[in-house]
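Structural characterization, general
Listed here are the chains, written in short residue letters.
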Amino acid sequence: TAVVAGIIADLVDVDLHEITAADPYPQDYEATVRRNVEEQDAGARPAIAGSLPDLARYDTVMLGSGVWNVQAPMIMRTFMEGVDLGGLKVHPFVTHAMSGLGNVPANYARQLPRSTVGEGLAVRGEEVANSRPAVEAWLRRIGLLD
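Computed from a predicted model, the values in this text were never measured in an experiment.

Moving on: the overall build of the chain. Helix and strand content of the chain: 5 helices and 4 strands. Overall, the chain shows an N-to-C arrangement of helices and strands of α-α-β-α-β-α-β-β-α. In terms of overall dimensions, the chain is globule-like: its C-alpha atoms have a radius of gyration of 15 Å, near the 15 Å expected for 146 residues. Its C-alpha atoms give the chain principal-axis dimensions of about 40 × 35 × 25 Å. Within the chain, buried positions represent 40% of all 146 residues. Pairs at least 24 apart in sequence give 78% of the contacts found in the chain among residues at least 6 apart. Summing over all exposed atoms, the chain offers an accessible surface of approximately 8100 Å²; the carbon and sulfur share of this is 49%. Of the side chains in the chain, 12 bear a positive and 19 a negative charge, and the two mean positions are spaced by 5 Å.

Written out as structure tokens, the structure is:
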């Protein structure tokens, strides 16, 4: 996901803010999957390390994350509940193994009733290194790149 965010930042003038967990996720894939399932089952809101950004000066926000078990990690809910996204256009972009955008756009629309959830972008994890053309096309479609 960070690679896709970097491509976006290379193409358009954006401010990047990395959302990291106060309790970092394990490096081991299977341990991360177990933790994710536990967080989803519990409706957890994992704490975020550091401060949250003030989004008052923006009209569009792109929220990037992986897709775990067909949805964004629960820490994304923590973020959305901790910042004011009301009135903003929100475009999700995700990296995934096989689920595409999954339930991310629908979940974001439910979580952000005062925002407009626009077109999202899904990039298969194994393809991020070659995703620049897809990212460019998406940025054009959503009106952020001429």
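Moving on to the packing of helix α1 (residues 2–11) against helix α5 (residues 132–141). Two elements in contact, α1 and α5, have axes whose closest approach is 10 Å; the angle formed by their N-to-C orientations is 55°. Our classification of the angle between α1 and α5 gives oblique. Relative to α5, the crossing made by α1 is right-handed. When α1 is examined against α5, the residues Val4, Ile7, Ile8, Asp10 and Leu11 are found in contact with a partner set consisting of Arg132, Val135, Glu136, Trp138 and Leu139. Taken together, the residues of the contact of α1 with α5 break down into 7 nonpolar, no polar and 3 charged.

Counting residues in hydrophobic clusters, the biggest one holds 20 residues, and the most contacted among them are Leu63, Met80, Leu85 and Tyr108. Breaking this core down by element, the ones donating at least two residues are β1 (60–66), α3 (74–82), β2 (89–96) and α4 (104–111). With 4 residues, the single largest contributor to this core is α3. Residues in contact with Leu85, not counting those within four places in the same chain, are Leu55, Val61, Leu63, Met80, Val90, Leu112 and Ser115. In terms of nonpolar packing, the next biggest core, distinct from the first, is built from 16 residues, Val4, Ala5, Ile7 and Ile8 among them.

Let us look at the pairing of strand β4 (residues 121–124). Only one face of β4 is covered, namely the one carrying Leu121 and Val123; the face carrying Ala122 and Arg124 has none of its residues buried. By the bridge criterion, 4 bridges tie β2 to β4 in an arrangement that is parallel. Looking across to β4, one finds that His96 is bridged to Arg124.

What counts and what doesn't
Residues numbered from 1 in each chain as written. Predicted model: local features only at pLDDT ≥ 70, side-chain atom pairs only at ≥ 80, totals over all residues. Heavy atoms only, no water. Helix = DSSP H or I, 4+ residues; strand = E, 2+ residues; numbered from the N terminus. Rg over C-alpha atoms; globule rule 2.2 N^0.38 Å. Buried < 20%, exposed > 50% of the residue type's maximum accessible area, 1.4 Å probe, protein only. Contact = heavy atoms within 4.5 Å. Areas by Shrake-Rupley, 256 points an atom, 1.4 Å probe, with all protein chains shown as cover. Lys, Arg positive; Asp, Glu negative; His and termini not counted. Charge placed at Lys NZ, Arg CZ, Asp CG, Glu CD. Axes fitted to C-alpha atoms, helices over the stretch in contact; angles between N-to-C directions. Parallel < 35°, antiparallel > 145°, perpendicular 65-115°, else oblique. Left-handed = near helix turned anticlockwise from the far one by under 90°. Nonpolar A, V, L, I, M, F, W, Y, C, P; charged D, E, K, R; others polar. Core = buried A, V, L, I, M, F, W, Y, C linked by side-chain atoms within 4.5 Å. Pairing = 2+ DSSP bridges.

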